[in-house]
Amino acid sequence: MVLKVFFPSCCSSADSGILIGRWISEQNSAVILAVVHFPFIPVQVKQYLGEVQRVTKVSVSVLGSWSNSKQEKEESLSEFLEDLGTIFCHEPWIQISKEGDSKFWSCSILQKHSKKPQEEEIILVYYDQRKVMLSHLHPPLDTAGQGAEDASKLSAIFDTVARSQVLFMTDRYDEGPIKLTHWQSDGVEASIIVELLKQASVPACMLLTFLLSLLSGICRSRVLKFWPLSFLWSKLSTCEQLGHRLQHLQVVSSNKKAPNQNQLMRKANIFVSLLIDVALGILLMSWLYRKNRIGHLADTLIPVADHVAEELQDLLQWLMGAPAGLKMNRALDQVLGRFFLYHIHLWISYIHLLSPFIEMILWYVGLSACLGLTVALCILSDIIALLTFHIYCFYVYGARLYCLKIYGLSSLWRLFRGKKWNVLRQRVDSCSYDLDQLFIGTLLFTILLFLLPTTALYYLVFTLLRLLVVIVQGLIHLLVDLIDSLPLYSLILRLCRSYRLAAGVKFRVLEQQDGKPLRLLMQINPLSYGGVVQTYRLPTYSCYPRDSWASLCKKLFLGELIYPWKHKGDKQN
């Protein structure tokens, strides 16, 4: 049989003593947790191990002896180490010795109480106790006992180290009868700043939770359910982003302990995302308020709006003539052109009416950047939507007119074939028409067919303009979603401490020699960066239309309205 001994690499330079750990009989494996140094009293060691076993629920015992040959060799040391096997009574008794500065180690097994001792092949596996402790490859603590029962999984090794955390809280500075060597024997790993932040975060979280509960209560009040406010809350992306960040603050400020590692990582990712978002927003705000950039932006906005309106007027004048040499219906072309020119005239008047207040509006809007860069980007998207509202109106008018003609032509085409649409059964049925119905249908079909190119041209032009605005808004919201959903804390952790995001383990051969135990080094395999993003990605509030090209072409052909994004409560026409 093969006996596997998992030895912590931090104990390779420890003084001679006894090995304490857990024996997993199902796997024929020994997990060494620490080394107890000489001198010690065996009764006190047994009492200490009993207390550790009572707290951790791990069957910790003395597994063998450890001999470091750097010390002066005593003739009675080897005999004394062998005699310890009769005191602690563990079968098999493992003896590991290090031969000075040499890389060769010797490991032997004593089976005094076995009638037929078997020669076993020994594999000595080194592991980094700190990385194994923090890698979270073990089952959760509440179900760790069930996971450890499965002897076929390596997680039992990780579970043993993770549940023995109490054992690692004793360092060499403790005034106790037992001196241990483990990964924290030189001092418990902690930070004064982190501990102070933990103490200060309790009252801060309580105050923040109270304020957020008060704010969420106001948001859920009936005042916001009335028509104007409810419409604005559902349509403006700024309101959606504020509600999304409010949920994030409630998650971060919650005083409930995270039930598992994924929830803890989610809280940390949200917290880091909020900090970076607010920091970027403050940087943007400081840049805007320097050198009177808001005044320059306000002075530039009106000329840009006038230039866009002039370009639209030139475009409509071109459409009212002979665009690209096409022969259009003169009467319908003039009606549609004058209708849209009048809307542009109204839009220019509206912009010039607001021009005295634009700088003040931008000044107050710039203050919202302190809430985060994403809020500022959402406000920018809403401003673009308001400034291009006339383009949206043109697109809606053209799409509705085009859609009416397409559905009228399809209905009249069914009339020619003796068919009709059955509304109740939602299917096409046969139908007989008289002569008057066919005559009127022919006239209407001819009129709609000859007017279709003029309507289709206006619809195509305004659809392209609308798609341009949609692309700009989509890029802005894509950046907002990137900041909201990117797991920044997990990526930083993957870059600095990759073993904290472990995907598995690998073994590297250190020594393989006849007559010597096979020595392996167990290493932690970290998650890839793509796996980190996929595993810990945060949910976002908006869902963008991910239609195929065929679906998009179908919507364009049928004249259906295309929205830049669709919120949870919206229904797309």
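Remember, predicted model here, so these are calculated numbers, not experimental data. (Residues numbered from 1 in each chain as written. Predicted model: local features only at pLDDT ≥ 70, side-chain atom pairs only at ≥ 80, totals over all residues. Heavy atoms only, no water.)

1. Structural notes on the overall build of the protein chain
Logical step 1: Each helix and strand counted, the protein chain has 18 helices and twelve strands in total.
Logical step 2: For the protein chain, the proportion of its 573 residues judged to be buried stands at 42%.
Logical step 3: Carbon and sulfur atoms form 63% of the exposed surface of the protein chain, whose accessible area is close to 33000 Å². (Helix = DSSP H or I, 4+ residues; strand = E, 2+ residues; numbered from the N terminus. Buried < 20%, exposed > 50% of the residue type's maximum accessible area, 1.4 Å probe, protein only. Areas by Shrake-Rupley, 256 points an atom, 1.4 Å probe, with all protein chains shown as cover.)

2. Overview of unusual backbone geometry
Logical step 1: With phi around 55°, Asn 28 is a residue other than glycine that occupies positive phi space.
Logical step 2: Within the secondary structure, Asn 28 is located in the loop between β2 (17-24) and β3 (29-37).
Logical step 3: Taking relative accessible area as the criterion, Asn 28 reaches 10% and is therefore assigned buried.
Logical step 4: Phi at Lys 57 is positive, roughly 60°, even though this residue is not glycine.
Logical step 5: With respect to the helices and strands, Lys 57 occurs in the loop between α1 (42-56) and β4 (60-68).

3. With respect to the UniProt feature "transmembrane region" (unreviewed entry) in the protein chain
Logical step 1: Here, UniProt's "transmembrane region" (unreviewed entry) annotation points to residues 200-219, 270-289, 335-354, 361-388, 394-416, 437-461 and 467-492.
Logical step 2: Helix and strand shares over residues 335-354 are 100% and 0% respectively, and the end C-alpha atoms of the span are 29 Å apart.
Logical step 3: The span residues 437-461 is 100% helical and 0% strand by assignment, and the distance between its end C-alpha atoms comes to 35 Å. (UniProt positions renumbered as here; feature names shortened; annotations may be inferred.)

4. A word on the packing of helix α9 (residues 261-288) against helix α16 (residues 488-496)
Logical step 1: The N-to-C vectors of α9 and α16 enclose an angle of 105°; their axes lie 7 Å apart at closest approach. One way to sum up the angle between α9 and α16 is to call them roughly perpendicular. Of the residues in α16, those touching α9 at Met 265, Ala 268, Asn 269, Val 272, Ser 273 and Ile 276 are Leu 488, Tyr 489, Ser 490 and Leu 493. (Axes fitted to C-alpha atoms, helices over the stretch in contact; angles between N-to-C directions. Parallel < 35°, antiparallel > 145°, perpendicular 65-115°, else oblique. Contact = heavy atoms within 4.5 Å.)

5. Remarks on the confidence of the model for the protein chain
Logical step 1: With 77% of its residues at a pLDDT of 70 or more, the protein chain has an overall mean of 78.
Logical step 2: For the protein chain, the element scoring lowest by mean pLDDT is helix α4 (residues 144-149), at 43; helix α13 (residues 373-387) scores highest, at 89.
Logical step 3: Taken together, the stretch residues 140-152 has pLDDT below 50 and engages in 16 contacts with residues farther than four places along the chain or on a different chain.
Logical step 4: Ignoring residues within four places in sequence, the model shows residues 565-573, a span with pLDDT below 50, making 25 contacts including any to other chains. (pLDDT = per-residue confidence, 0-100.)

6. Digging into the packing of helix α8 (residues 237-252) against α9
Logical step 1: Relative to each other, α8 and α9 sit at 125°, their axes nearing to 9 Å. Taken together, α8 and α9 sit at an angle that is classed as oblique. Considering how the two elements wind past one another, α8 and α9 form a crossing that is left-handed. In contact with Arg 245, His 248, Leu 249, Val 251 and Val 252 of α8, α9 contributes Arg 266, Lys 267, Ile 270, Phe 271, Ser 273, Leu 274 and Asp 277. (Left-handed = near helix turned anticlockwise from the far one by under 90°.)

7. Examining the pairing of β4
Logical step 1: The buried fraction of β4 is high, at eight of nine residues.
Logical step 2: Here β2 runs beside β4; their pairing, made up of six bridges, is antiparallel. Across the sheet, residue Ile 20 finds its bridge partner in β4, namely Val 62. (Pairing = 2+ DSSP bridges.)

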